[in-house]
Protein chains: 2
Amino acid sequence: MPKPGPRLRLVDVAERAGVSLATASRSLTGRDGVSEEVASRVRQVAAELGYVANPYARTLAGGASSSVGLVVHQVDDPYFSEIAGGVIQVAGEQGLMVQICHSGRDPHYELRQIRHLIAQRVGVIIIAGSGYNDPRIEAETKAELTAFQSLGGRVAVIGRHALGVDAVLPDNEAGGRALGAHLLDLGHRRIAVAAGTGGLTTVTDRMAGVLGALRDRGLDPAEMPVVHTDFTRDGGCRATERILRDHPDTTAIIALNDAMAMGVLSVLRGQKIPVPKRMSVVGFDDVSVAADLAPSLTTVRLPMTDLGRMALELALKPKSARARRRPTGHRLVVRDSTGPAPR
Amino acid sequence: MPKPGPRLRLVDVAERAGVSLATASRSLTGRDGVSEEVASRVRQVAAELGYVANPYARTLAGGASSSVGLVVHQVDDPYFSEIAGGVIQVAGEQGLMVQICHSGRDPHYELRQIRHLIAQRVGVIIIAGSGYNDPRIEAETKAELTAFQSLGGRVAVIGRHALGVDAVLPDNEAGGRALGAHLLDLGHRRIAVAAGTGGLTTVTDRMAGVLGALRDRGLDPAEMPVVHTDFTRDGGCRATERILRDHPDTTAIIALNDAMAMGVLSVLRGQKIPVPKRMSVVGFDDVSVAADLAPSLTTVRLPMTDLGRMALELALKPKSARARRRPTGHRLVVRDSTGPAPR
DNA sequence: TTGAAAGCGCTAACAA
DNA sequence: TTGTTAGCGCTTTCAA
């Protein structure tokens, strides 16, 4: 890897403005102890020269780290790319850089990435995406983040609750409940669930909502088939095949995210099973393509871009004594993939 | 923003290993001048202690910058998120961090982002996304990148040819030609184009291919309606409305990317115009949802993830005397959105 | 092959 | 309000 070249330094600016290094530094960092008159002259000179501080020197000297580490399961999954978009927007407004990395839905790999970000001395860490139902790994992650925070780092997470840090919490349970209620209202009684991997808390939470909806109507949740596969389009395909094979009389499939729902629709299309005439399908998230699928997908809308924005905004606020929680709303969006139960 | 906290330093490792700072540094950076015996002992100790070098200190001291700057138009556009996925994959394999930023399809803003990345002392810059048909801004960008390279920085671009740097070049023109030929083969003669903003070279190149296909058959390109709108889903909607209004006898619409094609399909669906029975539609890129649209989209497949991978791999190679060019193939993927011209 | 010491460009005590 | 100066943790001459 290349070396950085010689560039404009703060001394150059200071000299040109006829002040000391310290005064120049104070002027540009907006610290007080400088007369506004001098400060603005320095800023002026810096701007003219096109000076930009060397972040490495600045950080090393004990200044602020100006980068944000963002951990997503996979950036080319629309759910995460929309969140990333929100984070990058806010970062851009604040002049911060965003360092992005993948966790690949592997808790150990995720922990490694987090450690790497900390070693890289980012100032803020945002973790997007489901937590894991494994208390040991969550505890390890929590310990790492706590240590990071105690050294002055800031953390916010999206959709995880077990980490003891500021969190933006999409309403997974209520969303699941809304989905279940919607199908029950349409008269469906033989509903199957294409669920993601059992190890993900998002799956658990959404599932809890669905089960709650059944209980609300006095139905027995135990009778509902739940198929656990990957929390991806491909997982949706495989789950659907299993559902069609083992429970051929199913009239509605709940996919616990839109990616899975796309897999569900794809298999149904392949098997020429009409949606929603013979089978209703719902998803969760409302990624931007959900409206363009055929049939367009009934789903629960989560404001992903805002989730990303809120998370970074939360992390950038002065630290509070205890972890803040920002619940986010959800909205059932009824489209063409759901209809009355057949017969 | 927080300060970095006290952490393990190289001196600690050196002390623990019973060597000097210099030797420890040499051992860990793999530089020679150390006996293999000592070096491996130092590495061992570092590993035990979980030591990770402070990148700020390392870079400041004239070492290598280990981060990659990635500029995309918009990360929540599937085309770019897939490219980003590829870049992040390779970066992960090499232990590099990826700093991502948006250009928002604005050449001036893009240039600002590039300058910011350079100021941040990234070692590598990858620019994804169309160039601009404005020679002045391209020249400015080129100058900036050239200066960056002459200071040891590495650059690679995806889908831009005017920058004089290593480039991965998707076959836009041949892809456009394939699309045109496909529709002509199906008997379409009244074809309209939903093109992106005229200022983008990608639009120009794909358009050139389409026009070439017409000329190949001895048809007059001048007769084909071309509507320029934003290179997005929304632009596709607006273009379609204009096409339907001004050229109601059109039998096929070529959208110059899949995002626009999704807008096209959406408007046609809204107006109950059957696809492909009454109107054929094609896109370009083959983003992963293209196969899940209804009808599934005929398009030109570009290997986006590979584009991202190749770009970073190219940038990481030792610099060559002149700019390298890696053309990438394309493949027409015929799905359900195209059919014979009506009557 | 190893070590001592001089910076890299900046911030933050401390002094004036 | 301003300036002087001592580091931040590392790499890299230069000497040994």
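Residues numbered from 1 in each chain as written. Chains lettered and ligands numbered in written order. Predicted model: local features only at pLDDT ≥ 70, side-chain atom pairs only at ≥ 80, totals over all residues. Heavy atoms only, no water.

A.B. asks: Just to check I follow, could you spell out unusual backbone geometry for this structure?
C.D. replies: In most cases, non-glycine residues show a negative phi, while peptide bonds are predominantly trans. With an omega of 5 degrees, the peptide bond running from Val275 of chain A to Pro276 of chain A counts as cis. Checked against the element boundaries, Pro276 of chain A lands in the loop between α11 (258-270) and β9 (280-282). For the peptide bond that leads from Ala294 of chain B to Pro295 of chain B, omega is -5 degrees, which places it in the cis range. Inspection of the secondary structure assignment puts Pro295 of chain B in the loop between β9 (280-282) and β10 (299-301). The phi torsion at Lys272 of chain A lies on the positive side, around 55 degrees, for a residue other than glycine. Residue classification places Lys272 of chain A among the exposed residues on the basis of a relative accessible area of 72%. (Helix = DSSP H or I, 4+ residues; strand = E, 2+ residues; numbered from the N terminus. Buried < 20%, exposed > 50% of the residue type's maximum accessible area, 1.4 Å probe, protein only.)

A.B. asks: Please clarify how the relation of the copies chain B and chain A should be interpreted in this entry.
C.D. replies: One copy of the chain maps onto the other through a rotation about an axis plus a displacement along that axis. Mapping chain B onto chain A calls for a screw motion: a turn of 180 degrees about the axis and a shift of 0.2 Å along it, with 0.3 Å RMSD after fitting. Those values place the two copies in the arrangement expected of a two-fold rotation axis. Looking at the interface residues of chain B, 97% of them are also at the interface in chain A, so both copies use one shared face. (Least-squares fit on C-alpha atoms with pLDDT ≥ 70 in both. Contact = heavy atoms within 4.5 Å.)

A.B. asks: I would appreciate a short explanation of the protein's contact with DNA strand C in the present structure.
C.D. replies: Close contacts around DNA strand C come from 27 residues, with Leu10, Ser25, Tyr51 and Arg58 of chain A together with Gly33 of chain B the closest. Arg58 of chain A places a polar side-chain atom, nitrogen or oxygen, 2.6 Å from a phosphate oxygen of DNA strand C. In the environment of DNA strand C, a phosphate oxygen lies 2.9 Å from a nitrogen or oxygen atom belonging to the backbone of Ser35 of chain B. Listing elements by their share of the surface near DNA strand C, those giving two or more residues are α2 (21-29) and α4 (55-60) of chain A together with α2 (21-29) of chain B. The element that contributes the greatest number of residues to the surface near DNA strand C is α2 of chain A, accounting for five residues. When its residues are assigned to classes, the surface near DNA strand C shows 13 nonpolar, nine polar and five charged. (Near = heavy atom within 4 Å. Polar contact = N/O pair within 3.5 Å; in protein donor to acceptor, adjacent residues only side chain to side chain. Nonpolar A, V, L, I, M, F, W, Y, C, P; charged D, E, K, R; others polar.)

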